[in-house]
Amino acid sequence: MRILFLLSLLVVFWGKCDAHTVSKVDDRLYGLLFLLSSESLNYSTTLPEDSLICLCNKLGEQALGAKDYVTYFKTGQIAVNSLCLQGDWGLALDKASKMYKEARKQNNRLGIALALQALGDTYMYTNRYEQAEESFADAFKMLEGIRDDDAKIRLFIQYMHVCLHADKIDRLPGYMDQAEELIIRLNSREKENYHFFLRCYQTLYFLSVKDEERAVACLEKVLKADVSDRVFNQWIHLLFAQFCLGRGDYENALLYSDSVLMDLKKSNNLGGYIYFLKNKALIFEKKEQPEEAFRIYQRVNTLSDSVNVARYLHQLNELHLTYRIDQTQLDTAAEYNRLLSWIVFFCFLLLLTVIVVVVILKRKNRTLKLCQKHLEAETEKAVRSIQSKSLFLSNMSHEIRTPLNGIVGFSEILAAYGDIDAETKRLYGDNIRQNSDLLLKLINDLMDLSDLEENTMSFTFAVCDAVDVCHSVIHTVNAVKTTAAQLIFSCPLPCLELYTDSNRLQQVLINLLVNAAKFTKEGTIRLVLDVDADKHEAIFVVEDTGCGIPPEKQKYIFNRYEKLHEDIQGSGLGLSICQLVIKRIRGRIWLDTGYTQGARFVFTHPLPRTSNE
């Protein structure tokens, strides 16, 4: 009943296809085709092969129209297998050739694999098992990397069939294990049929290696299989025939062989029918009935002549040779591409190496140039330092001798002439005291510079009013300056508390104001104190309207022993000391080069942190 139902579905399907063109593959009928074909992999069932072939052709046309090449190639392989089962090897060969050409045109690896499998089918059903095994092996190579378990399982089952008939049973265990792994993870309606076929071939394998115990165990699993009766009965008769033959029960072996031959004759499986006729002749030989064996061999020869197998072998070999030539060309092209890839890779690597070397050389060259510039700068600095030191020693000898000469000269006059009037003595005494102060300041500057360099100068930090410090400094400088310049102090704040060393702060301010007084004969010298709230620091500005500082000397102004004018008295250490002191109190000092009315020095002092901060 199930067969009639399936056939009725096919008739309905054909009627629909004739009525109108189908734009896509009918998935339901495609699934039905796969289920039916899974029952006729190596031996036909009682279902007419014409039905499968017609259905394959219709689905193949739909697949080509929808450009569904996977379905086209799979239905094509099923069609070739069905044609071979009913003995139409010429049509099977034409179909396999058409499949291969289309697969090569589409460069479809699955299509080529299925075309090779179809070619192997034609070899297998014409009993050319060596060539069939070679074609199946090529198909397996093409399937590598393709995730299609169903196609691989079908190929494994046909491969196992070929190995049994080609006396290559030593390869069967590996193939059976791989097939079982694929079947276990398969999830389709064909799974039970595939498992059934696998158990059947396992049974035949164990019978061929004389392991009857394991063969019986596999046969028990076969008997429990849930497959259609037509598949089950045909294979059970085949397995029982082999069991009886192995045990020497030739009578029962003949009975089961006749049952198999009857099934094969009904399904028009000519290749299988000829094979089992030979098997039946072998049984008669073992029964020592040569006349019966001879009669059957004559029947085999008659059937073989009727299909004229030799007529197709040339075409088969030509198609196989075409594949071999194509495969050789593909391998040559792949080898060429691989060689070209290596050449490109090595060229790229060489280019990359050259680029890296060039970049490294450029970097080293840039580093070398920077080092050279740095060396030149340091050399210039060293030369300037040597010159400054020489000039400093020369100046020091002058700066020290000048006050000493004044002190010694006026002291000798006071000692030699006792009758000098009081006003002259007071004037001489003031000169001696002034020269002593100059000498003491010179010595103090040298000591301060040494202490600051060695970080041994002591600082006594305390809270003081910067406004008071500025007033005190202005008063001090006013008392000692010798020019007509006017000293002015301006501050918008009544007071400003700083956490600092007030003596060092006075020292910096006095140095800056005294320097300004030296170079400002007339005009104004201004001290400005303000606050930058954003930066949280106090800003001190000392500016004058004197001669200013030439641009070429501005970048050296804080260097030691640097003097703006050689004829002006001084050691050239004042600004260096100011810079070191300001750095110690975490401030900054600089020359405002944008000021052009004279000279302007600016330094900052951090404000004390509040309790909230």
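Above this text sits the structure in question.
Residues numbered from 1 in each chain as written. Predicted model: local features only at pLDDT ≥ 70, side-chain atom pairs only at ≥ 80, totals over all residues. Heavy atoms only, no water.

A. Region of interest: the environment of Gly-246. Take Gly-246: it is sitting in helix H12 (residues 229-247). You can call Gly-246 exposed: its relative accessible area is 60%. Considered as a pair, Gly-246 and Leu-207 are 39 residues apart in the sequence and their alpha carbons are 7.4 Å apart. (Helix = DSSP H or I, 4+ residues; strand = E, 2+ residues; numbered from the N terminus. Buried < 20%, exposed > 50% of the residue type's maximum accessible area, 1.4 Å probe, protein only.)

B. Region of the structure containing a nonpolar patch on the surface. A surface patch of nonpolar side chains, about 770 Å² in accessible area, is lined by Trp-342, Phe-345, Phe-346, Phe-348, Leu-349, Leu-352, Val-356 and Ile-360. Topologically, Val-356 is positioned in helix H16 (residues 310-416). (Patch = residues over 30% accessible without salt bridge, like charges linked within 9 Å, V, L, I, M, F, W, Y side chains within 5 Å. Areas by Shrake-Rupley, 256 points an atom, 1.4 Å probe, with all protein chains shown as cover. Salt bridge = Lys/Arg side-chain N within 4 Å of Asp/Glu carboxyl O.)

C. Focus on the packing of aromatic side chains. Scanning the entire structure with this criterion turns up 17 aromatic pairs. Taken together, Phe-136, Phe-140, Phe-156, Tyr-159 and Tyr-175 form an aromatic cluster joined through their ring pairs. (Phe/Tyr/Trp six-rings, centres within 6.5 Å; stacked < 30°, edge-to-face > 60°.)

D. Looking closely at the sheet that holds strand E4 (residues 524-532). Pairing in this open sheet of five strands is mixed, and the strands run E2-E4-E5-E7-E6 from one edge to the other. Strand pairing shows two members of the sheet lacking a second neighbour, strand E2 (486-490) and strand E6 (589-591), which therefore form its edges. Shown here is a sheet whose adjacent strand axes are inclined to one another by a mean of 15°, direction ignored. Pairing analysis gives three bridges linking E6 to strand E7 (residues 600-606), with the strands arranged antiparallel. In the strand pairing of E7, Ile-589 is matched with Phe-603. (Pairing = 2+ DSSP bridges. Axes fitted to C-alpha atoms, helices over the stretch in contact; angles between N-to-C directions.)

E. Spatial organisation of helix H18 (residues 466-480). Compared with an ideal rise of 1.5 Å per residue, which puts 15 residues at 21 Å, H18 spans 21 Å between its outermost C-alpha atoms and is within 8% of the ideal. Buried within H18 are the following residues: Ala-466, Val-467, Val-469, Cys-470, Val-473, Ile-474 and Val-477. For H18, the buried positions fall inside an angular range of 155° around the axis, keeping them on one side. The exposed residues of H18 that point more than 90 degrees off its buried face are His-475 and Ala-479. The inward-facing, buried residues of H18 contact strand E1 (462-465), E2, strand E3 (497-500), helix H19 (502-518), E4 and strand E5 (537-544). N-capping of H18 is provided by Asp-465, with a side-chain oxygen placed 3.1 Å from the backbone N of Val-467. (Expected span 1.5 Å × (residues − 1). Arc of directions from axis to C-beta. Contact = heavy atoms within 4.5 Å. Polar contact = N/O pair within 3.5 Å; in protein donor to acceptor, adjacent residues only side chain to side chain.)

F. Structural context of unusual backbone geometry. Its identity as a non-glycine residue notwithstanding, Asn-107 has a phi of 50°, on the positive side. Using a relative accessible area of 55% as the deciding quantity, one classes Asn-107 as exposed. Even without being a glycine, Lys-210 presents a positive backbone phi close to 65°. Counting through the fold element by element, Lys-210 comes out in the loop between helix H10 (191-208) and helix H11 (212-223). With a relative accessible area of 72%, Lys-210 lands in the exposed category.

G. View of the state of the cysteines. All chains considered together, the criterion is met by zero disulfides. As a non-bridged cysteine, Cys-495 has Cys-491 as the owner of its nearest cysteine sulfur, 9.0 Å distant. (Disulfide = S-S within 2.5 Å.)

H. Geometry of the side chain of Lys-280. By the secondary structure assignment, Lys-280 is in helix H14 (residues 270-286). Every residue in contact with Lys-280, bar those within four places of it in the chain, is listed here: Leu-254, Asp-258, Leu-261 and Ile-296.

I. View of the packing of helix H6 (residues 109-125) against helix H7 (residues 129-143). Close contact between H6 and H7 brings their axes to 8 Å; oriented N to C, the two are set at 170°. With respect to H7, the axis of H6 lies roughly antiparallel. The residues of H7 that touch H6, namely those facing Arg-109, Leu-110, Ile-112, Ala-113, Leu-116, Gln-117, Leu-119, Gly-120, Asp-121, Tyr-123 and Met-124, are Tyr-129, Gln-131, Ala-132, Ser-135, Phe-136, Asp-138, Ala-139, Lys-141, Met-142 and Leu-143. Among the residues forming the contact of H6 with H7, the class breakdown is 13 nonpolar, four polar and four charged. (Parallel < 35°, antiparallel > 145°, perpendicular 65-115°, else oblique. Nonpolar A, V, L, I, M, F, W, Y, C, P; charged D, E, K, R; others polar.)

J. Structural context of the nonpolar core. Membership of the largest hydrophobic core comes to 91 residues, with the highest contact counts inside it found for Met-160 and Phe-196. Looking at this core, the element that brings in the most residues is H6, giving 11 residues. For Met-160, the contacting residues outside a window of four places in its chain are Leu-172, Tyr-175, Met-176, Ala-179, Leu-198 and Tyr-201. Listed in part, the 43 residues of the second largest apolar core include Val-473, Ala-516, Ala-538 and Phe-601. (Core = buried A, V, L, I, M, F, W, Y, C linked by side-chain atoms within 4.5 Å.)

Shape descriptors only; they carry no functional weight alone.
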